[in-house]
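Here's the letter readout for the chains.
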Amino acid sequence: MIQVERKKIFTGNSTRVELKNLTKKFGSTTAVENASLEIDSGEFMTLLGPSGCGKTTILSMILGILEPTSGEIAFNGQPINHIDMSKRDIGMVFQNYALFPHMTVFQNIAFGLDMRKVEKEEKKKRVREVIKMVQLDGLEDRFIKDLSGGQQQRVALARAIVIRPRILLLDEPLSNLDAKLRKEMRTQLKKLHRELDITTIYVTHDQEEALSLSTKITVMSKGVIQQIGAPEEIFRRPRNYFVANFIGYGNFLKGKLVDEKNGQFIFETTKDSLRLTVNRDNKHQVGDQVFLTIKPEMLEIVTGEKTGVNLLDGEIVTSDYIGSATGYEVQMENGRTFQVNVPGLNPYAVGQKVKLYLDPAKILIVDEE
Amino acid sequence: MNRVVFARKRDYLFFLPSLVPLLLLFVYPLLKGLVMTFQETGSSGLTLHNYIEFFTNPRYYDTIFRTLYLVIPATIIELIIAFGITYFIRGKMRGKGIIAGLTIFPLTLGSIIIDMGIISFFKPTGWFNTVLINIGLIDEPFKLVYNYWGTFLALIILGVAFMASNFVGIMDYIDPNLEQAARSLGASRWITFKRVYFPLIRSNVLTVFALNLIMQIGVYSSAVIVGNPASETRTFVVVAFEEAMRNFNYNMANTVAIVMGITQIVILGIVFAIRKRGYIGSASTFK
Amino acid sequence: MKTKKTVSENGNYHAPVQGKTFIKNSIKEIVFYRGYQTVSWILIIAFLAVVLGMTVSVILNAFGEEWYGTFLPQGFTLEWFINAWNAYEVGEYFKITMQIVFIATVISLILSIPSVYILARRNFPFKQALISFFQLPFTLPDLLYAIPVASIFYSIGLAETMTGLIIVNLIVGVPFSVFILLPYMESIDPRLEYAAESLGATKFQLFRRIIIPQIVPGITASAINIFIRMFNTFTIILLISGPKTQTLNVMVFSVLQGSGSQPPAMLNSLALTLMIPLLFFSFISLWVSSYTQRRLGK
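In every chain, residue numbers begin from 1 and rise along the written sequence. Chains carry letters and ligands carry numbers; both start at the beginning, A for chains and 1 for ligands, and go up in the order they are written. Whole-chain, interface and lining totals are the exception, using all residues; otherwise, since this is a predicted model, local features are given only for residues with pLDDT of at least 70 and side-chain atom pairs are given and counted only at 80 or more.

K.L.:
Hey, could you go over the interface of chain A and chain B for me, with residue numbers and the actual values?
P.N.:
Taken together, the contact between chain A and chain B spans 23 residues of the former and 23 residues of the latter. By the criteria applied, helices consist of DSSP H or I runs no shorter than four residues and strands consist of E runs no shorter than two, each listed in order from the N terminus. Elements with a contribution of two residues or more to the side of chain A that touches chain B: β6 (90-93), α3 (105-115) and α5 (149-161) of chain A. Ranked by residue count, the leading element in the side of chain A that touches chain B is α3 of chain A, at three residues. Side-chain classes are defined by residue name, with Ala, Val, Leu, Ile, Met, Phe, Trp, Tyr, Cys and Pro counting as nonpolar, Asp, Glu, Lys and Arg as charged, and the others, Gly among them, as polar. Broken down by class, the residue content of the side of chain A that touches chain B amounts to 14 nonpolar, seven polar and two charged. By definition, residue pairs are in contact when their C-beta atoms, positioned from the backbone, come within 7 Å.

Structure representation (structure tokens):
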């Protein structure tokens, strides 16, 4: 029902954003290399990556602060590389909010409408609308310095959406808020995006934020796009070592797929020739250099008698109670260690000899690059 | 933050070494100087004679107009040049360091060397006139030294350097995101300047302008070396020095100094009255 | 059309947006911006050309053989420079200046450090007023106190003496060093002092062992700035200096003031003798400040 209504609302303003082979160089360093990306109208796209990965550079090029060295940016198919940033109709929320200190909340929000020469009554109406939407009622005449961090954040958001932009850009908007407020704002942002159904590009280094907010995620590292996909896809099937590591996988084993048997690969580590069996996927084949990864909570500790594949002998060297589970570090005889999370409070003791079981179905094969 | 402790009585003793010399060398002479203006040389009775003399004899009161006629146009032009240069190179621009460094460079040299440079560069056979004549812009060299224009140029060079050195800091303090926010909301470069950038630096710019203005009212060595101190560039300080060093009339010399001080205060008052009519406050982004 | 209308009547945020399918730049703005850029570059180039032209022509004048109407002098020589150095006894004045300024700098620092310490560490009524008072001598036009100081110094016989010149430099030196030492002192963590005190240090030991070593970088940087400032002190020195006890810049000024008959090359050489130490000191100052910044900023 809501779906239908939304479609109706958004006939005039929906914008598809395309980046085609976008490259940005600063002198000899390449900040963004050959990035191609399509963002459908109404999408909530998150650019995720550590600082310095080029995500803010992409945002700056879309906004128009930076000009691409090569490549093209297009809105609804129209190239906008050479369009002045004042003409791009983008709502931007800066990391430090960049609110005008010499204007009141109302004046800040109305600034974009003033630029569009919206007449006075209409302007008042629209500002009042967004103020309500971001719950800033009663603060219209305050100056920015008299607002809390969360309130400032909402003024910045209101200022960006009141102009009914084609695209909403958010540059780590929650990073200056404390943990509790951040969660609250996350919910609000999500709600707002559902209401507005506006093409949104969100930059963050926080994978939790990215997974909870986005309809699509682009993971970046060192200026190169690593993977594009829905949050679930990124989370379940990270393509390579970097994405898997960034999204929270652990226990990486570097090696080679040496054989295939009964729909399973045989994998051998480079360092210590450890052999493991893993369910085959259709992206890899025998001979590939890959990483295996398994989440700490997917590893099992076996104490009794059990025989079969993927059983490793080890000793518990540290334990760390983390609330709902206990984290163990299990060390094999040759020094290799595994992180294991087991539910409950300290079921095993440090020094105890255990067996580790790596379920072939739960191991993930990821590319090196 | 709260580690600053309230002072105990003996802590005040620490101020003695610095305050005593200041009281003797600064406060006492200042007060004595004020009293001196109400006395005539050699007598100790109080009289308004010096001030009456100042405001009735054109030899003295002309200095007010001559100084202002020289300094006010100069500082306005300095403001435009210094602001134009520093605004253009604000933010991250290639070559910013070199341009800013060279603009501020005259400040290092000080006024006497600048005067010498003005003579060498702007004299009839100097580079300035040679170049203009050679490219055919003028037939006769401009007379730019030992008159009004010599001092004017010296003021411009030093004033631009002084203001630019302050403007660079002021402009570095403005968050570039503010401009970008305005531009992304649809403002042109000019509107961004008018509605966001200028209101934020306005009060600091005016303060620097006022400081420069009162500093330049005290122009002396340029008025003497590259100006014409007998008539066109007969500023306050020229007359004050003449009274003190040639006529040994310290009373009159100090009267001139006091009138100069009052002129400076009046001008400061005017500039600050203008300043008060705009936004005065932090120009930083709050976090 | 119909759906859009219904929506906006419902008070929904998404009122229709009129015809925003194609976006383009404004020609007027582009022309305006190009014009602005051109004017700015002309301004920058013109001003820098004058600054560089002045500096270079002083140097060329000082070292040029004959220079009349041509673009460059016909040859170069050190003769003018040496002549000027000898004729005006530059070496002698330079020595006097350095002595005066060095001694005055040291005295200024010694007199101001205790006050700076209290200003940075203690709260008391009218603290801000006191800080403003310290700034007064170098914000007020120096003529206001220079003339009475000169008349006082002449009446008690301090004028035209080295002692007099040193004392007079303190008027600028003491407040100026308070002003520039204060930020350094405020940046030192007072907990170190508490730690020292709790280990049984006396106030004097505290000062010598903890505070002084910590502000040494700050003091060095400040000392150089104070030194440069005093090297440039002009008005008051001019008023109380005698023919044999004057600083370099006052001497140069006096020569330039009555310079009718001197060859210009000689005067330019003289100006250079003042310019070289100034450039040298500012270079040192830049170097020291970047060095201390690197040390403080780790």
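Read on for the rest.
K.L.:
Please give an account of the domain arrangement of chain A that cites residues and values.
P.N.:
Residues and elements named next belong to chain A. Annotation comment: domain bounds sourced from an automatic or database domain assignment. When cut into domains, chain A gives domain 1 (2-245) and domain 2 (253-367). One C-alpha centre belongs to domain 1, the other to domain 2; they are set 40 Å apart. For the side of domain 1 that touches domain 2, the per-class residue count stands at three nonpolar, one polar and one charged.

K.L.:
Summarise the domain arrangement of chain C; cite the residues concerned and give the values.
P.N.:
Residues and elements named next belong to chain C. Split by domain assignment, chain C resolves into domain 1 (27-77) and domain 2 (82-296). Placing the centre of domain 1 and that of domain 2 at their C-alpha centroids yields a distance of 34 Å. With five residues of domain 1 at the interface, the matching set in domain 2 holds six residues. When grouped by side-chain class, the residues that make up the side of domain 1 that touches domain 2 number three nonpolar, two polar and no charged.

K.L.:
Mind laying out the pairing of β6 of chain A, listing which residues take part and the relevant values?
P.N.:
Residues and elements named next belong to chain A. Going residue by residue along β6, you find I90 and M92 tucked away on one face and G91 and V93 tucked away on the opposite face as well. Alignment of β6 against strand β7 (residues 167-171), held across four bridges, turns out to be parallel. Paired with V93 across the strands is L170, a residue of β7. Exposure is read from a count of other C-beta atoms within 10 Å of each residue's own; the residue is exposed at 12 or fewer, buried at 20 or more and partly exposed in between. C-beta atoms are placed from the backbone. Two strands are counted as paired when DSSP detects at least two bridges linking them.

K.L.:
Can you explain the environment of F242 of chain A? Please cite residues and give values.
P.N.:
Residue and element names in this part refer to chain A. Along the chain, F242 turns up in helix α9 (residues 241-247). Judged by the 23 C-beta atoms lying within 10 Å of it, F242 falls in the buried class. Separated by 38 residues in the primary sequence, F242 and T204 have C-alpha atoms spaced 16 Å apart. With residues up to four places along the chain from it excluded, the contact list for F242 reads S221 and Q226.

K.L.:
Tell me what's going on with the sheet that holds strand β12 (residues 264-269) of chain A, and back it up with residues and numbers.
P.N.:
Residues and elements named next belong to chain A. Reading across from one edge, β13-β12-β11-β14-β20 is the order of the five strands in this open sheet, with antiparallel pairing throughout. Of all strands in the sheet, those bounded by a partner on one side alone are β13 (275-279) and β20 (364-367). Neighbour-to-neighbour, the strand axes of this sheet turn through a mean angle of 45°, independent of strand direction. In this structure, strand β14 (residues 289-293) lies alongside β20, joined through four bridges in antiparallel fashion. Across the sheet, the residue bridging to T293 is L364, located in β20. Simply put, an axis is a line fit to the C-alpha atoms, just over the touching stretch for a helix, and the angle between two N-to-C directions goes from 0 to 180 degrees.

K.L.:
Mind laying out the confidence of the model for chain C, listing which residues take part and the relevant values?
P.N.:
Residues and elements named next belong to chain C. A residue's pLDDT is the confidence the predictor assigns to it, expressed on a 0 to 100 scale. Confidence in the prediction for chain C averages 82 pLDDT; 89% of positions are at 70 or higher. For chain C, the element scoring lowest by mean pLDDT is helix α1 (residues 2-9), at 36; helix α2 (residues 27-63) scores highest, at 93. Here the complex is predicted with pTM 0.85, and the ipTM for its interfaces comes to 0.90.

K.L.:
I'd like a rundown of the sheet that holds strand β15 (residues 300-302) of chain A, residues and numbers included.
P.N.:
In a beta sheet, neighbouring strands pair by backbone hydrogen bonds and run either parallel or antiparallel. All names here are of chain A. Strands sit in the order β15-β19-β16-β17-β18 across an open sheet of five strands; the sheet is antiparallel. Pairing within the sheet leaves two strands with one partner each, and these edge strands are β15 and β18 (337-343). Each strand of the sheet is rotated relative to its neighbour by a mean of 45°, with strand direction disregarded. Where strand β16 (residues 311-321) and strand β19 (residues 353-357) come together, five bridges link them in antiparallel fashion. Along β19, the bridge assignment pairs L311 with Y357.

K.L.:
Provide a residue-level description of the pairing of strand β11 (residues 253-261) of chain A, including the pertinent values.
P.N.:
All names here are of chain A. Pairing analysis gives four bridges linking β11 to β14, with the strands arranged antiparallel. Bridge pairing in β14 places K254 opposite F291. In this antiparallel pair of consecutive strands, β11 and β12, the connection spans two residues, and N262 shows a positive phi of 45°.

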